[in-house]
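Listed below, chain by chain, are the residues.
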Amino acid sequence: MIYLTDGTKECFLTAFLYAFSDENALISSSQTQLALGQESVFVAADAAKAKKTEARLLSFDKDCMNDLFYLLRSGRNDREQIAFRYLKLLTEKKMPVREMAEDASIAANECIRKVTYEIHRMHGFVRFLESASGALYAPLSPDNDIVDLLTPHFRARLPEFPFVLHDVKRKKAAVYDGKNSFLAPLESAEIVLSADEQRWQSLWQRYYQSVNIPQRERLKQMKGYMPVRYWKHMPEFHATDPLST
Amino acid sequence: MIDEQRLKLLTEGAKYDVSCSSSGSKRKNTGGMGNGYAAGCCHSFTPDGRCISLLKILMSNDCVYNCKYCPNRLDADVPRVSATPEEVAELTIDFYKRNYIEGLFLSSAVEKSPNYTMEKLVRTVKLLRTQYRFHGYIHLKGIPRADEALIHEAAKYADRMSYNIELPSERSLKLLAPQKSKESLLLPMKKLAEDRAVFREEKRKGLFLPAGQTTQMIIGASPEKDSQIVRLTQSLYRSMGLKRVYYSSYVPVVHDSLLPDLPAGQLREHRLYQADWLLRFYGFTAEEIAPENENLPLDLDPKCAWALRNMQLFPVEVNHAPLELLLRVPGIGGRSAQKILQARKYTNLTFEHLQKMRVVLKRARHFITANGKFYGAKSETAVRGYLTAGENSENSRQLSLFSDTETALSALTGEL
Ligand code: SF4
């Protein structure tokens, strides 16, 4: 049986309760995973059931909800299934399984690491555009659903600047208005750039080109650190000016 | 706003400085802009595979010194440009705000005199910290022969400072950088280390070089052997408390009868970074890594080379070996060692487990047993053969080093 969730934690924990005793259970929030001939059922979130599951899981590992939090942020289609297998193992072993050499633990760890690693990367790769009002706007398309998890970092370093982190793929934005931060749906944004924005971008492009040592090309290494899919929102790759100067 | 032409020249003059790290500072935001990011943060990568973390520029490329290897030396015929403290501060702020950079790495040629130059650097950092209330990362280069008071002032505002010792021996320094001397580089480093220690001991208010000091030396412009370089590195870590020693393989931008015409191999530089990693994180000593008067082998990483000289210690059993020993196994790095320590608490690890945990066994299998089983080669010669396989010709070595992603990713740090 495939238990289909709405992607929320509450719904996942409800589904977990049903799927738990079912040998061939799959939990998914994505219908694309449906295999032919497999029965599926939509699970409605049930606060009481979710709470019960959560309490039971926490009794074995007080940190496991933190793991679940990051797992459900993953951009993988099978994130619920990875979380399900991991937490099922936890209920079998009745003690933290995070460090065990078990397939379910290893898969969960790798999935969590991808999410937290992308958060770290995005702290560096986000590029703000300065709008005429002085507010900062950054479009991004991260692999994982993390845009609101970037807010604390930028809020701590730019407390005097309102900013918008726009996940253009998921069409939502993490907004900081100078006082509070919140998540909002956002289809597309029209930004009026500040008078100097273009010149600062050109200076940045010039800097990027000048700091490179062309005799030492190591593109593979560069792309390993900064995958090409992240480039589209970075002005250093929009230079109209050819790299050779 | 600084113009593109000067930005270009001042950047090109600074780009051979390897250090771009922004780690080690936890400076807080107390109003204004910016804060430290203790782990360091890369904002971009250039096609040469290097990270851009800091805005790395010269205040000026107009030099009264005449270091032989330097494109900005007095005798060189290059366009001379300088920036003002105001221009540099503004550039830093506007780049930082857009999240292009983690902070500033400001260096300079010796413009007019050491004190004149150092004063400009100090003015810039003060402007940033007090007027702009900037709390992001600032790395300042110390100018040799500038007054102690200026250096001390700079250290009150910077996160990190560095004096580059440039060449691995006094003799080479005299020959190639005649206006600098061992003392003009080492004494201020020592003084800063002492001042920092006093500052910490007395728990004074504010910060004093929270990210410490680093240095850099050029590899391959002078005849010193790797063994000498690794020993010097070790003593810099031990006696000066440096955070990092950087190596920069020599790139000939200048023709001089005293200098080689060919660039130093990047593989050599990479081996030195690997040796440095062994010193800093895996508990090796310089004497273990590089036998007297020798260079590091190019066809083996320094940990493999050490292990082959010490085969009597192997194989070690992964289920019992202490961390220090696991870290000495070729192919097992810090993260793998940690994973092994954790997982073996729950079960007796087999090779299958290790594989599932993605411990890379290509090299390690010759040096470990898992649950008593050994899957390595039988003889030392065979092991050596496996370890150097595919790395026979100079060409393939240089290529293979940077062509597979796994090694490419470790190439910057020397992580082993
Ligand atoms: S002091 Fe020496 S290395 Fe530094 S800019 Fe002047 S000539 Fe170049």
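Just so it is clear, the model here is predicted, and its values are computed rather than measured.

So, about the overall build of chain A. Broken down by element type, chain A carries 8 helices and 8 strands. With the C-alpha coordinates aligned to their principal axes, the bounding extent of chain A is approximately 65 × 45 × 35 Å. Counting only residues that meet the buried cut, chain A has 49% of its 245 residues in that class. A separation threshold of at least 6 residues defines the contact pool for chain A, and within that pool the share at least 24 residues apart is 65%. In chain A, 33 side chains carry a positive charge and 32 a negative one; their mean positions are 4 Å apart.

Residues and elements named next belong to chain A. In spatial order, the strands read β4-β5-β6-β7-β8; together these 5 strands make up an open sheet with mixed pairing. The two strands at the open ends of the sheet, each matched to only one other strand, are β4 (129–130) and β8 (181–185). As defined by bridge partners, strand β7 (residues 172–176) adjoins β8 across 5 bridges and the pair is classed as antiparallel. Of the residues in β8, the one forming a bridge with Ala173 is Ala184.

The next subject is the confidence of the model for chain A. For chain A, mean pLDDT is 93; residues scoring 70 or higher make up 94% of the total. Taken together, the stretch residues 241–245 of chain A has pLDDT below 50 and engages in 7 contacts with residues farther than four places along the chain or on a different chain.

All names here are of chain B. Under the defined criterion, the tally for this structure stands at 1 disulfide over all chains. Paired by a disulfide, Cys42 and Cys51 hold their sulfur atoms 2.4 Å apart. Residues Cys42 and Cys51 are joined by a disulfide whose S-S torsion is about -110 degrees; by sign, that bridge is left-handed. Among the residues examined, Cys42 registers a relative accessible area of 28% and is labelled partly exposed.

Moving on: the side chain of Asp226 of chain B. Residue and element names in this part refer to chain B. If you trace the backbone, Asp226 turns up in helix α7 (residues 226–240). A distance of 2.8 Å separates a polar atom in the side chain of Asp226 from a polar atom in the side chain of Arg268. Those residues in contact with Asp226 that sit more than four places away from it in its chain are Arg268, Leu272, Glu294, Asn295 and Leu296.

This part takes up unusual backbone geometry. Residues and elements named next belong to chain B. Going from Phe314 to Pro315, the amide bond is cis rather than trans, its omega being 0 degrees. Note on placement: Pro315 falls in the loop between α10 (302–309) and β9 (316–317). For Glu166, which is not glycine, the phi torsion reads 65 degrees and is therefore positive. Here Glu166 lies in the loop between β6 (160–162) and α5 (170–176). The residue Leu209 is not glycine, and still its phi comes out positive at about 45 degrees.

Right, let's get into the domain arrangement of chain B. All names here are of chain B. Domain parsing of chain B yields domain 1 (4–296) and domain 2 (302–400). Each of domain 1 and domain 2 was reduced to a C-alpha centroid, and the two centroids are 36 Å apart. The interface is formed by 15 residues belonging to domain 1 together with 11 residues belonging to domain 2. Carbon and sulfur atoms supply 61% of the area buried between domain 1 and domain 2, which totals about 1,100 Å² over both sides. For the domain 1 face of the interface with domain 2, the top three residues by lost area are Leu267, Tyr282 and Phe284, together amounting to 49%. For the interface between domain 1 and domain 2, the tally reads 1 salt bridge. Here Glu288 makes a salt bridge to Arg328, at a shortest N to O gap of 3.0 Å. Contributing elements (two or more residues each) for the side of domain 1 that touches domain 2: α8 (266–281) and α9 (286–289). Broken down by element, the side of domain 1 that touches domain 2 gets its largest block of residues, 7 residues, from α8. Among the residues forming the side of domain 1 that touches domain 2, the class breakdown is 9 nonpolar, 4 polar and 2 charged.

Residue and element names in this part refer to chain A. Considered domain by domain, chain A is made up of domain 1 (2–118) and domain 2 (126–244). If you average the C-alpha positions of domain 1 and of domain 2, the two centres end up 33 Å apart. Taken together, the 8 residues of domain 1 in the interface contact 9 residues of domain 2. Both faces combined, the contact of domain 1 with domain 2 buries some 720 Å², and carbon together with sulfur accounts for 42% of it. Considering only the side of domain 1, the residues that lose the most area to domain 2 are Arg73, Gly75 and Glu118, jointly responsible for 76% of the buried surface there. Between Asp148 and Arg73 there is a salt bridge, with the nearest N and O atoms lying 2.8 Å from each other. Counting the contacts that link domain 1 with domain 2 gives 6 residue pairs in polar contact (both at pLDDT 80 or more).

On to the sheet that holds strand β1 (residues 2–4) of chain A. Residues and elements named next belong to chain A. Here we have 3 strands laid out as an open sheet, ordered β2-β1-β3, and parallel in their pairing. Edge positions in the open sheet fall to β2 (26–28) and β3 (40–42), since each of these has one partner strand only. Neighbour-to-neighbour, the strand axes of the sheet open up by a mean angle of 25 degrees, direction not taken into account. Where β1 and β2 come together, 3 bridges link them in parallel fashion. Residue pairing for β2: Tyr3 is matched across the bridge by Ile27. Its contacts with the sheet place helix α1 (residues 9–19) against β1 and β2, and it is angled at close to 165 degrees to β2.

Conventions adopted
- Residues numbered from 1 in each chain as written.
- Chains lettered and ligands numbered in written order.
- Predicted model: local features only at pLDDT ≥ 70, side-chain atom pairs only at ≥ 80, totals over all residues.
- Heavy atoms only, no water.
- Helix = DSSP H or I, 4+ residues; strand = E, 2+ residues; numbered from the N terminus.
- Buried < 20%, exposed > 50% of the residue type's maximum accessible area, 1.4 Å probe, protein only.
- Contact = heavy atoms within 4.5 Å.
- Lys, Arg positive; Asp, Glu negative; His and termini not counted.
- Charge placed at Lys NZ, Arg CZ, Asp CG, Glu CD.
- Pairing = 2+ DSSP bridges.
- pLDDT = per-residue confidence, 0-100.
- Disulfide = S-S within 2.5 Å.
- Polar contact = N/O pair within 3.5 Å; in protein donor to acceptor, adjacent residues only side chain to side chain.
- Domains from an automatic or database assignment.
- Buried area = accessible area lost by both parts, 1.4 Å probe.
- Salt bridge = Lys/Arg side-chain N within 4 Å of Asp/Glu carboxyl O.
- Nonpolar A, V, L, I, M, F, W, Y, C, P; charged D, E, K, R; others polar.
- Axes fitted to C-alpha atoms, helices over the stretch in contact; angles between N-to-C directions.

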